[in-house]
Amino acid sequence: MAVTEIESKKSQASPQQGTDPSLGKSLLGYGSALLLWGLLFWITGSWQTYWWLGLTVIFVLVTVAANRVGRVVPLRHRRRYEQLLAFGFPLLLLIAWEWLVRGGILNARWFPPPTRIAVALYDLTVSYDQFNETSLLGRPWLIPTRLLTEGWPGVAALFAESHVFATLSRVFLGFFIGAVPGIFLGMIMGMNRTVRLMLDTTMSAAYVLPKIAIFPIMMLLFADPFGEGPKVAVVAISAFFLVAINTMVGVRDIDPVLIQAARNYGAKGWQLFYHVIIPGALPVIFAGLRLALGTALIVIVAIEFVRAKKGVGFMTYYYWEILSTEKMYAGLVVVMVLGVLLTYGLQWVEKRAMPWEK
Amino acid sequence: MPPKVIATAIEKVYETAVGPFTAIHDFSLTVDDGEFVCIVGPSGCGKSTFLRIVAGLDQQSDGTVLIVPGSDPRKPTNNVVFQEYAIFPWKTLLDNVAFGLQMRGIGKAARYAVALDWLERVGLRKFAHYYPHQISGGMKQRVSIARALANDPEVLLMDEPLGALDAQTRTVLQEELLRIWEANRKTVIYITHSLDEAILLGDRVVLMTATPGTCKEIFTVDLPRPRTIELTGSAAYTDLKLKIWESLRVEVDRAMEAQR
């Protein structure tokens, strides 16, 4: 079944088949090699034991075929071809997974097939957890009635009960509280040699420390150890070091001739800062912000595993504890979706903040 | 013409791990108002360092530099055109050219009018809203020159401005520089390692010795203006070039000897 999927993909991606006579021939060659390989495994009954080998060879053959197609894709179809590669490959992985479970090769208990994970995700979206008094997205089916009875605050209150809101609010709050002072300290470290020399070693040491390890200290420091304070604090600290170090590097990497030119044209103090230092360091600052946002998500999921009553990490771990593995995987999917959305969001901001970048 | 730049007995000594190193020794130069002076010398002779001292980007160890102020006290004393262009990648060409005026607190409308005028004169008006990464090296250096001229300094300091460009672009920009300079006659100190460039552009050519750099000889370029690139074929031009080269060659040999 997987083999036919692959075949149809290839013919889609080769709009120029007519102009290159050898392309059809080589694709036919790869196709028959795939078929033969699958057949060989099937006849010898090797799929059950050596499925990983069978799949690896299939994926290599598909890659070689896609590469062959890539050489003749005309420029105007280039984008579509690249998108097909970017989304086709994970799709193939999912198909292989589904097929492995349905064929009884992988245990559906521990590796539920993607279709069942999708169903679990749907279930989570449309159901309310009475026991935890939470839901994934905040009971979207109640939005119309709440809007009529309580207006927008009612809808906001609905969303506030959700796992996604709990995780996102911790990420955003921690990210903001950490990144803003991080940028400030990084700027100072970038511009002042004394401060840099004093802090560099300390920062490098603090940077490599796994931030989840200081969660107990944070719990000691806050009046309510089980509240939001310690969680947000750990996220903030993780973001702080990444942003500070990157900002420092960004400031240091500014071409000195640009600073000389600015001074020669009369820029001093705040002017120099606003017209040269900030825009000059911005690309590297954004690289730091991207890292920090990703790290914030990683850290908060880990913390929610350990100690939280809400949040996507908590949900994932909770469904592992009650051995509802489809829902556990659904939780992981939500984390990945959040990660992608956050990255895209930051890229959107980045494009607008730096219109001069290619 | 009254003097515009007076540099007296400039000395530049660097402290290095193996002891003091004299880059410039007893270098004096007077540039008249409206004069175009080119400084040539073997590489590493300290000619760029001298320019940076005049610009105030470097501090001399001894000696004095004076740039005589003009009638308008708000005018900046000097602006530098760097070999690396040094235009800001995050500003449009228009904002780059208007930068000096912006730093002096001149309003948006006024500074954009001046900047657009200068972009027009270097042939880049239609690229006013482009960012530097969208244009070529030759265009970037035009922007850098326009930025300096738009700021209207007392003295224009040019540090091998065409050194990073290919030969053809360089020739085109030399002619453009001639045209622009002959129209507004600003005082210029121009560092170059090209004798052709020095003779084509300059009123005088100052020859510096190998390290430690000092003034070896000053040649007056008695060629009529307005000049064009055709000048480089004339006998007077070739004679002068040969005369300077004979003197420069000794210094180049010495510089290479010292590097060995």
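Anything mentioned here points back to the structure above.
Once a new chain begins, its residue numbering starts again from 1 and follows that chain's sequence as written. For naming, the first written chain is A and the first written ligand is 1, with later ones following in the order written. The predicted origin of the model limits local features to residues at a pLDDT of at least 70 and limits the giving and counting of side-chain atom pairs to 80 or more, whereas totals for whole chains, interfaces and linings rest on all residues.

Undergrad: Can you help me understand the overall build of chain A in this one?
TA: Broken down by element type, chain A carries 15 helices and zero strands. If one aligns the C-alpha atoms of chain A with their principal axes, the spans along those axes are about 75 × 60 × 45 Å. Partly exposed residues are those falling between the two cut-offs: more than 12 but fewer than 20 other C-beta atoms within 10 Å of their own, whereas 20 or more means buried and 12 or fewer means exposed, with C-beta atoms placed from the backbone. Expressed as a percentage of its 358 residues, the buried residues of chain A come to 28%. In chain A, of all internal contacts separated by at least 6 residues, the share reaching a separation of at least 24 is 69%. We count a stretch as a helix when DSSP gives it H or I for four or more residues in a row; a strand needs E for two or more, and each element gets its number in order from the N terminus. What counts as a contact here is a pair of residues whose C-beta atoms, placed from the backbone, lie within 7 Å.

Undergrad: How should the interface of chain A and chain B be read in this particular structure?
TA: It is common to give the size of an interface as the accessible area lost on bringing the parts into contact. Listed per partner, the contact involves 12 residues of chain A and 18 residues of chain B. Per-element accounting of the side of chain A that touches chain B gives the leading share, five residues, to helix 12 (residues 256-264) of chain A. Each residue is assigned to one of three groups, with Ala, Val, Leu, Ile, Met, Phe, Trp, Tyr, Cys and Pro labelled nonpolar, Asp, Glu, Lys and Arg labelled charged, and all others, Gly among them, labelled polar. Of the residues belonging to the side of chain A that touches chain B, the class tally is seven nonpolar, four polar and one charged.

Undergrad: Would you mind going over the packing of helix 4 (residues 108-121) of chain B against helix 5 (residues 137-150) of chain B with me for this structure?
TA: The description of two helices packed together rests on the angle between their axes and the distance between the axes. All names here are of chain B. For the pair helix 4 and helix 5, interaxial distance at closest approach is 9 Å and the crossing angle is 135°. The angle between helix 4 and helix 5 falls in the class oblique. Relative to helix 5, helix 4 is oriented so that their crossing is right-handed. Between helix 4 and helix 5, the contacting residues are V114, A115, W118 and L119 on the first element and A146, L149 and A150 on the second. Helix axes use the C-alpha atoms of the stretch in contact, all axes being lines fitted to C-alpha atoms, and the angles between their N-to-C directions lie in the range 0 to 180 degrees. Put simply, angles under 35 degrees are roughly parallel, angles over 145 are roughly antiparallel, angles from 65 to 115 are roughly perpendicular, and the rest are oblique. Crossing handedness: left-handed means the near helix sits turned counterclockwise from the far one by under a right angle, and right-handed means the same turn made clockwise.

Undergrad: Quick question: what am I supposed to make of helix 8 (residues 235-259) of chain B here?
TA: Residues spaced three or four apart along an α-helix point in a common direction, a consequence of the helix completing one turn every 3.6 residues. All names here are of chain B. Here the expected span of a helix is defined as 1.5 Å times the quantity of residues minus one. Along its 25 residues, helix 8 runs 35 Å from first to last C-alpha, staying within 8% of the 36 Å computed at 1.5 Å per residue. Among all positions in helix 8, only L240, L248 and E251 are buried. The inward-facing, buried residues of helix 8 abut strand 3 (36-40), helix 7 (195-201), strand 8 (204-208) and strand 9 (215-220).

Undergrad: Explain the nonpolar core to me, please; I cannot follow it from the model alone.
TA: One recurring pattern in soluble globular proteins: nonpolar side chains tend to sit buried together. Ranked by size, the top nonpolar core spans 128 residues in total, and within it A:V235, A:A239, A:A296, B:V97 and B:I189 carry the most contacts. Of all the elements, helix 11 (residues 228-252) of chain A adds the most residues to this core, at 15 residues. Beyond its immediate sequence surroundings of up to four residues, A:V235 is in contact with A:R170, A:V171, A:G174, A:F175, A:G178, A:A296, A:V299 and A:I300. Here a nonpolar core is just a set of buried residues of the types Ala, Val, Leu, Ile, Met, Phe, Trp, Tyr and Cys, joined wherever their C-beta atoms sit within 7 Å.

Undergrad: Help me out: how do you make sense of the sheet that holds strand 2 (residues 19-32) of chain B in this one?
TA: Sheet strands associate in pairs through backbone hydrogen bonding, adopting either a parallel or an antiparallel arrangement. All names here are of chain B. What the three strands build is an open sheet, ordered 2-1-4; its pairing is antiparallel. In this open sheet, the two strands that pair with only one neighbour each are strand 2 and strand 4 (62-67). Going across the sheet, the axis of each strand differs from the next one's by a mean of 20°, ignoring polarity. DSSP calls a pair of strands paired once it identifies at least 2 bridges connecting them. As paired elements, strand 1 (residues 3-16) and strand 4 share five bridges and run antiparallel to each other. The residue bridging A7 from the neighbouring strand is V65, located in strand 4. Helix 1 (residues 47-55) rests against strand 1, strand 2 and strand 4 of the sheet, and its axis sits at about 115° to strand 1.

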